[in-house]
Amino acid sequence: MTKKITITPSKLSGRTAVPSSKSISHRALICAALAKGKSKIKHLLDCADTRATINILESLGAKIYSEDDFTIVEGIKVPSETAVADCCESGSTLRFLLPVAAALGCKTEFHGKGKLPERPLTPYFTELTKNGIIFEARSMPYRISGRLRAGDYSLEGGISSQFISGLMFALPILEGDSRLILTSPLQSKPYVNLTIAELEKSGIRIDEIPQGYFIKGGQSYAPQKTEIEADMSQAAFFAVANAIGSEIEIEGLNPNSLQGDRAILDIVKNAGGRAFDVDASQIPDLVPILTVLASFSEGISHITGCERLRIKECDRLSAISTELNKLGAKVTENKDSLTVEGVKSLNGGICDSHNDHRIAMSLAIAAARSNGKVTIIGAECVTKSYPRFFDDFRLLGGITDVIIN
C-alpha cells in the first residue's frame, strides 16, 4: 500500500520530542539478549527496524516483553532447530545478528526484503568462513551453520561500521582472544563508539590497539537496566527546519551524547544561513537533510565523503539530488560527494521517497519551506525509524493531506 502525502508550505513551530535513538536501541537489545538474566530497557524505540531485531532475538531464544514502562529482555537460550530470522529491510539487524548467531553456534536462515538482499555482505563471507562458519547460501536467504572461532578478523575501515559492531557483539563470548584488524582508516567511528559504550554497560571490554581492536575471549554479558536517549539523527530534521525558518524547541536531547549525528547542532549553528563544507564520512545519515540545508544556504556548499550512501536503503546521493532538483534545487551529484548551490526558494512538485525514510523526512522539511505544494510518494517508509514523524510534523503546524493508493 503506497501512501502519498501532499504538504502545503507552512512555518513549523512549537515543542517536540524526537524518538529514542534507533542505533542505541538495537545495541541495548542485543547486549541484553546475550546476558544471563533479566534486563530492563526504558524508552526503547518502537519502529520497523527495532521490531525486526526483537523478532530475530526471540527466534534465537530470547524472551522480550513489556512490563510497566520497560522492555524486559531475558537472555538467549539457543534453540536446537534452525532459527528463521526475518530482517525485513534493516541492514543493522542483519549485520549485527549474523555474527551473533554464528558465535552461538545456531544454524540460522536470514531473510530480508526491499534493498536489503542487494546490500553487500562480503566481509562476512570472507572473514566468518575463515573462522568456522559455513554459508550454505550466499544470496538471501543466507543460511549459516557451524560455530564461530576466535582469531584475527581483517576488515576495511571504509566499509559499513555495522560489520565491525556485529563482530564486537559476537567475539567476546568465544573461548579465545580475537583481533579486529582494520586495513584502512575507520569511517563512521562514532557508531563503533556507541557499540563499545553499550558493551561496557554490560561488562564487556573492547580495547583499541594500533591495528584496530583487541577483544578478550571468555567474557560474559551482565544484565542491565538502561534508558535510551533521544535520537540525534531524527533531531537533525527539525534542527534544519529551524535553520531555514521554523521555530521548534527540540526537547530531551543529551548534550553529551556519543551519537555522531550530534554534529548537526554545530553544523547548523556555524553555517548561519551561509554555504558550508562538510566531510560526511563519520555522519553519513545526515547527508540527505544536510543537502536540504545547503539548498537554502547562500553560496555553494560541498558535502564530501559520501560514497557509502549509494548502498543504503537506496542510492541516497542520487535520490536526494534528483528529488530536490525536481523542486528547483541546484544539486550536482558527484561520485562520492554533492555540490549544492543555494537557491532563494524551492517550488512545488511531485517527489519520490525511493522507499527511504531519510529521503522522505528530508523532503518533508524542504516542502514546508517551498513556494507550492509538494507531494511525496511512498511516505509510509518513515515507519522504518520514526513512525510518528508526520504526526509530529502536523502538531508543529505542518499541513498535510494523505492519499492511500
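Preceding block: the structure.
These figures come from a predicted structure and were not determined experimentally. (Residues numbered from 1 in each chain as written. Predicted model: local features only at pLDDT ≥ 70, side-chain atom pairs only at ≥ 80, totals over all residues. Heavy atoms only, no water.)

A. The arrangement of a positive patch on the surface in detail. A surface patch of positive charge is lined by Lys-38, Lys-40, Lys-63, Lys-77 and Lys-225. Tracing the backbone shows Lys-225 in strand β14 (residues 225-227). (Patch = residues over 30% accessible without salt bridge, like charges linked within 9 Å, V, L, I, M, F, W, Y side chains within 5 Å. Areas by Shrake-Rupley, 256 points an atom, 1.4 Å probe, with all protein chains shown as cover. Salt bridge = Lys/Arg side-chain N within 4 Å of Asp/Glu carboxyl O. Lys, Arg positive; Asp, Glu negative; His and termini not counted. Charge placed at Lys NZ, Arg CZ, Asp CG, Glu CD. Helix = DSSP H or I, 4+ residues; strand = E, 2+ residues; numbered from the N terminus.)

B. Local environment of the side chain of Ser-20. With respect to the helices and strands, Ser-20 occurs in the loop between β2 (13-17) and α1 (22-33). A polar contact is formed between the side chain of Ser-20 and the backbone oxygen of His-43, at a distance of 2.6 Å. (Polar contact = N/O pair within 3.5 Å; in protein donor to acceptor, adjacent residues only side chain to side chain.)

C. Focus on the nonpolar core. With 69 residues, the main nonpolar core has Phe-110, Leu-128, Leu-148, Met-168 and Leu-180 as its most contacted residues. Here this core takes 9 residues from helix α3 (residues 91-104), the largest share from any one element. Ignoring anything within four residues of it in the chain, the contact list for Met-168 reads Leu-180, Val-192, Thr-195, Ile-196, Leu-199, Ile-206, Tyr-213, Ile-215 and Tyr-221. Counting 66 residues, the second-largest nonpolar core is a separate cluster that includes Leu-12, Cys-306, Phe-390 and Phe-393. (Core = buried A, V, L, I, M, F, W, Y, C linked by side-chain atoms within 4.5 Å. Buried < 20%, exposed > 50% of the residue type's maximum accessible area, 1.4 Å probe, protein only. Contact = heavy atoms within 4.5 Å.)

D. Inspection of unusual backbone geometry at higher detail. Cis rather than trans, the peptide bond between Met-140 and Pro-141 has omega equal to 5 degrees. The topology assignment puts Pro-141 in the loop between β8 (133-137) and β9 (142-146). Positive phi, normally seen in glycine, also occurs at His-354, with a value near 60 degrees. Relative to the helices and strands, His-354 is located in the loop between β20 (349-352) and α11 (357-368). Backbone geometry at Asn-355 places phi at a positive 55 degrees, although glycine is not the residue there. Position of Asn-355 among the secondary structure elements: in the loop between β20 and α11.

E. Expanded view of empty space enclosed by the protein. A complete count under the given rule lists 3 cavities of 30 Å³ or more for this structure. Lining the largest cavity are 26 residues, and of these Lys-22, Ser-92, Gln-162, Asp-285 and Lys-312 sit closest to its centre. Put simply, the parts of the chain that give the lining of the largest cavity at least two residues each are α1, α3, α5 (161-170) and α11. Counting residues per element, the lining of the largest cavity draws most heavily on α1, which supplies 4 residues. Of the residues that constitute the lining of the largest cavity, the class distribution is 3 nonpolar, 11 polar and 12 charged. Of the pockets and cavities examined, the second largest cavity occupies roughly 40 Å³. As for the second largest cavity, its lining consists of Ser-21, Ser-23, Tyr-191, Leu-194, Ser-233, Gln-259, Gly-260 and Asp-261. (1 Å grid on protein atoms, 1.4 Å probe; cavity = no way out; pocket = protein on both sides within 12 Å on 5 of 7 lines; lining within 4 Å. Points joined across faces, edges and corners; volume = space filled by probe spheres on them. Nonpolar A, V, L, I, M, F, W, Y, C, P; charged D, E, K, R; others polar.)

F. Quick peek at the packing of α1 against helix α2 (residues 48-59). Packing of α1 against α2 brings their axes to within 10 Å, and their N-to-C directions diverge by 10 degrees. Regarding the angle of α1 to α2, the classification is roughly parallel. Each of Lys-22, Ser-25, His-26, Leu-29, Ile-30 and Ala-33 in α1 lies in contact with α2, whose residues at this interface are Asp-49, Thr-50, Thr-53, Ile-54 and Leu-57. Here the contact of α1 with α2 is built from residues that sort into 5 nonpolar, 4 polar and 2 charged. (Axes fitted to C-alpha atoms, helices over the stretch in contact; angles between N-to-C directions. Parallel < 35°, antiparallel > 145°, perpendicular 65-115°, else oblique.)

G. Layout of the layout of surface pockets. By volume, the largest pocket is sized at about 390 Å³. In terms of lining, the largest pocket is formed by 18 residues, of which the most central are Ala-33, Leu-34, Ala-35, Lys-36 and Ile-76. Split into classes, the residues belonging to the lining of the largest pocket amount to 8 nonpolar, 6 polar and 4 charged. Along the lines of polarity and charge, the residues of the lining of the second largest pocket split into 3 nonpolar, 2 polar and 5 charged.

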